[in-house]
Amino acid sequence: MDLFGHWEAYPLRALYFFTWVGTSIAGNFLIVTLRHDGFSGKEIATIATVGPLFGFFVQPFWGLIADRFGRRRCLSIGILISAAIYFRMYWVHGFWPFLLTAMALALSPPLQPLMDTLALDFVESKSKLSYGMFRIWGAIAAGVGTAGAGFL
């Protein structure tokens, strides 16, 4: 054990950090960006509603898949899919193409619940670690991502 906890926890801490940086930037500035691109309030509300609505139905499905095929494998697939969809969003213009892209993102594996499950598994295997040790990196990252993107 070192100053910041077990060295085996560094990859998961980094994953929390970088995922939350991306989430904080996308979540906080998506609406501003859509408004700047000329979307109406109803269109923005529809796009913003897709994620939570689909997530309610999709997360249990991905939970079953993660239990069957492995949480790490699902998380790796989810990171690749999410990164590809976020990268694709840069070139999507218009309400319907953007709504379909948001739906595809909402159907991809949920990263944060999978990371939380992996963190809890890690904490269970290492009795001296705490779940909060991982989540604090998400909180730090949300502050860094929001402040950094706001500054830019």
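Residues numbered from 1 in each chain as written. Predicted model: local features only at pLDDT ≥ 70, side-chain atom pairs only at ≥ 80, totals over all residues. Heavy atoms only, no water.

Draft legend 1. Quick peek at the pattern of salt bridges. Across all of its chains, the model carries three salt bridges by this definition. Ionic pairing is found between Asp121 and Arg71, a salt bridge with its closest N-O pair at 2.9 Å. With Asp121 in helix 5 (residues 111-125) and Arg71 in helix 3 (residues 71-89), the pair connects residues that are 50 residues apart, well separated along the chain. Residue Arg71 is classed as partly exposed on the basis of its relative accessible area, which comes to 30%. Here Arg135 ties to Asp116 by a salt bridge, and the two come within 3.0 Å at their closest N and O atoms. A residue pair is termed long-range when its members are at least 10 positions apart, and Arg135 in helix 6 (residues 131-151) and Asp116 in helix 5 qualify at 19 residues. One salt-bridge network, in which partners are shared between bridges, spans Asp67, Arg71 and Asp121. (Salt bridge = Lys/Arg side-chain N within 4 Å of Asp/Glu carboxyl O. Helix = DSSP H or I, 4+ residues; strand = E, 2+ residues; numbered from the N terminus. Buried < 20%, exposed > 50% of the residue type's maximum accessible area, 1.4 Å probe, protein only.)

Draft legend 2. How the structure looks around the environment of Ile140. Mapping Ile140 onto the fold places it in helix 6. Distance in space between the C-alpha atoms of Ile140 and Phe17 is 7.4 Å, their sequence separation being 123 residues.

Draft legend 3. A look at helix 1 (residues 10-36). Helix length check: helix 1, at 27 residues, gives a terminal C-alpha distance of 38 Å against a target of 39 Å (1.5 Å per residue), a fit within 8%. Along helix 1, the helix axis deviates most sharply at Phe29, where the bend reaches about 45 degrees. Against the buried residues of helix 1 lie helix 2 (41-69), helix 4 (95-107), helix 5 and helix 6. One or two residues past the end of helix 1 sits Gly38, with phi positive at roughly 95 degrees. (Expected span 1.5 Å × (residues − 1). Bend = angle between axes of the 7 residues up to and from the residue. Contact = heavy atoms within 4.5 Å.)

Draft legend 4. Quick peek at the packing of aromatic side chains. The full count for this structure, using the stated rule, is nine aromatic pairs. Ring geometry for Phe17 against Phe18: centres 5.3 Å apart, planes inclined by 85 degrees, an arrangement best described as edge-to-face. Ring geometry for Phe61 and Trp62: centres 5.8 Å apart, planes at 70 degrees, overall edge-to-face. In this structure Phe61 comes out as partly exposed when scored by relative accessible area, which is 48%. A relative accessible area of 15% means that Trp62 is categorised as buried. Joined through ring pairs, the aromatic side chains of Tyr16, Phe122 and Phe134 make up one cluster. Taking NZ or CZ as reference, Arg68 lies 5.2 Å from the ring centre of Phe69, over its face. (Phe/Tyr/Trp six-rings, centres within 6.5 Å; stacked < 30°, edge-to-face > 60°. Lys NZ or Arg CZ within 6 Å of the ring centre and 35° of its normal.)

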